[in-house]
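Chain residues, written in single-letter form:
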Amino acid sequence: MHLTTVGLTIKWTSDTRSYKKLLPILETNWNDVIITCDDDVFYPRDWLKNLLISYKAHPNEIHSSMITRLCKKNDCFDELSEEFIPDDSNRSSFFNKVLGAGGVLYPSDSLNKEVLNIEAAKKLAPTSDDIWFWGMAVLNHTKIRLVENGLKNHIYVPHSQDGEALTKINDTGNEERPFYIHLNSVINKYKLADILESED
């Protein structure tokens, strides 16, 4: 069966690396619910259903099947190591950062329209699209919820990580600790610390 007969549409776009996962469809479908996933990961049969169930219960939040939990350390922000993620991490929070490989549901108008500023994205977080999308959610005062029964780990398509795979590029760069640099660059540029620190 050709998937185009059941609604699949394939559109060509400019090469903005991992940013092309979301930005092109946002430009033309801003008022729609958008779900993203990666093409190099196997997903369980219920992953989409779980995203939709979570969205229906909390329609004003972004829903992610996997997250990185953030924290403040001294005067900057960083990620917690997995063993320190609190038991209540499935509640919505500005400190839940989406992990796009697990699948993410973005409700209509859940991101600030600055998200479409690809030049700013490439300058502040050139290889960290998840940080950029997370920052634009916080800027829009939209919290992120870890989906109940979300994914515990990635199961990659065989050989998809050979060569120059995006997983070897994302959150990396020439800087030391690029995740940390990109995260705080976005936070400082858009003054997100005030929003983060306002969370109950």
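As a convention, each chain's residues are numbered from 1 in the sequence order in which they are written. Per-residue local features are limited, in this predicted model, to residues with pLDDT of at least 70; the limit for side-chain atom pairs, both in listing and counting, is 80 or more; totals at the level of whole chains, interfaces and linings are taken over all residues. Computation of side-chain values: all heavy atoms of the structure, hydrogens and water removed.

For the chain, the helix and strand inventory stands at six helices and seven strands. By definition, any uninterrupted DSSP run of H or I lasting at least four residues is a helix, any uninterrupted run of E lasting at least two residues is a strand, and each is numbered from the N terminus. Seen in sequence order, the chain has helices and strands lined up from the N terminus as α-β-α-β-β-β-β-β-α-α-β-α-α. Partly exposed residues are those whose accessible area sits between 20% and 50% of the maximum for their type, while under 20% is buried and over 50% is exposed, using a 1.4 Å probe and protein chains only. Across the 200 residues in the chain, those meeting the buried criterion constitute 44%. Only heavy atoms matter for contacts: two residues are in contact if any of them lie within 4.5 Å across the pair. Within the chain, contacts between residues at least 6 apart in sequence are counted, and of these 79% link residues at least 24 apart. We get accessible surface area from the Shrake-Rupley algorithm with a probe of 1.4 Å; when it comes to residues, only the shown protein chains can shield them. Carbon together with sulfur atoms contributes 51% to the accessible area of the chain, which is approximately 11,600 Å² in total.

A separate point is the pairing of strand S3 (residues 67-73). Put simply, side chains in a regular strand alternate between the two faces of the sheet. Counting buried positions along S3 yields five of seven residues, so the element is predominantly enclosed. The sheet contact formed by S3 and strand S5 (residues 96-98) spans three bridges and is antiparallel. When the sheet's bridge partners are listed, Ile67 is paired in S5 with Val98. Paired strands, as defined in this entry, are two strands with at least two bridges between them according to DSSP. Pairing of S3 with strand S4 (residues 76-79) involves four bridges; the strand directions are antiparallel. The residue bridging Cys71 from the neighbouring strand is Asp78, located in S4.

Moving on: the sheet that holds strand S6 (residues 104-106). Through backbone hydrogen bonds, the strands of a sheet pair up, either in parallel or in antiparallel fashion. Read from one edge of the open sheet, four strands run S1-S6-S2-S7, paired in mixed fashion. With partners counted over all chains shown, the strands left at the sheet margins are strand S1 (34-36) and strand S7 (144-146), one partner each. Neighbouring strand axes in the sheet, compared pairwise and without regard to direction, differ in orientation by 20° on average. The pairing of S1 with S6 spans three bridges and is antiparallel. Where helices are involved, their axes are fitted lines through C-alpha atoms of the stretch in contact, as for all axes, and angles between N-to-C directions lie from 0 to 180°.

Moving on, we come to the nonpolar core. Remark: nonpolar core denotes a set of buried residues (Ala, Val, Leu, Ile, Met, Phe, Trp, Tyr, Cys) joined through side-chain atoms within 4.5 Å. Judged by nonpolar contacts, the single largest core of 37 residues is most densely connected at Leu111, Val115, Trp132 and Trp134. Secondary structure elements with two or more residues in this core: helix H1 (23-28), S6, helix H3 (118-124), helix H4 (129-139), helix H5 (178-189) and helix H6 (193-197). Sort the elements by how many residues they give to this core and H4 lands first, with seven residues. Apart from the residues within four sequence positions on either side, Leu111 is in contact with Leu22, Leu26, Trp30, Ile62, Tyr106, Phe133, Met136, Ala137 and Asn140. Formed by nine residues, the second largest nonpolar core is a distinct cluster that contains Val41, Met66, Ala101 and Val147.

The subject of this paragraph is the environment of Leu124. Relative to the helices and strands, Leu124 is located in helix H3. Look at Leu124 and you get buried, because its relative accessible area is 14%. In this structure the C-alpha to C-alpha distance between Leu124 and Ser185, which are 61 residues apart in sequence, comes to 5.8 Å. Non-local contacts of Leu124, meaning those with residues more than four positions away in its chain, are made with Trp132, His182, Ser185, Val186, Lys189 and Tyr190.

This paragraph deals with helix H2 (residues 47-57). Among the residues of H2, those classed as buried are Trp47, Asn50, Leu51 and Ser54. For H2, the angular spread of buried residues about the axis comes to 100°, placing them on one side. Among the exposed residues of H2, those pointing more than 90 degrees away from its buried face are Lys49 and Lys56. In this structure, the buried side of H2 is in contact with S1, strand S2 (62-64), S6 and S7. Directions from the helix axis toward the C-beta atoms define the arc.

Moving on, we get to a nonpolar patch on the surface. Patch membership requires more than 30% relative accessible area and the absence of a salt bridge. Residues of like charge join within 9 Å; the nonpolar side chains Val, Leu, Ile, Met, Phe, Trp and Tyr join within 5 Å. Criterion for a salt bridge: a side-chain nitrogen of Lys or Arg within 4 Å of a carboxyl oxygen of Asp or Glu. Residues Leu3, Val6, Leu8 and Ile10 make up a contiguous nonpolar surface patch of about 410 Å² in total accessible area. For Leu3, the location among the structural elements is in the segment before H1.

Confidence of the predictor at the level of single residues is given by pLDDT, which spans 0 to 100. In the predicted model, the chain carries a mean pLDDT of 86, and the fraction of residues at 70 or more is 84%. The low-confidence segment residues 166-174 (pLDDT under 50) makes 24 contacts with residues lying over four places distant or belonging to another chain.

At a minimum axis distance of 10 Å, the contact between H4 and H5 shows a crossing angle of 25°. Put simply, H4 runs roughly parallel to H5. When the axes of H4 and H5 are compared, the crossing they make is right-handed. Contacts from Ile131, Trp132, Trp134 and Gly135 in H4 reach Phe179, His182, Leu183, Val186 and Ile187 in H5. By residue class, the composition of the contact of H4 with H5 is seven nonpolar, two polar and no charged. Roughly parallel means an angle under 35 degrees; roughly antiparallel means over 145; roughly perpendicular covers 65 to 115; every other angle is labelled oblique. With the far helix as reference, a near helix turned anticlockwise by less than a right angle produces a left-handed crossing, and one turned clockwise produces a right-handed crossing. Each residue is assigned to one class: nonpolar for Ala, Val, Leu, Ile, Met, Phe, Trp, Tyr, Cys and Pro, charged for Asp, Glu, Lys and Arg, and polar for all the others, Gly among them.

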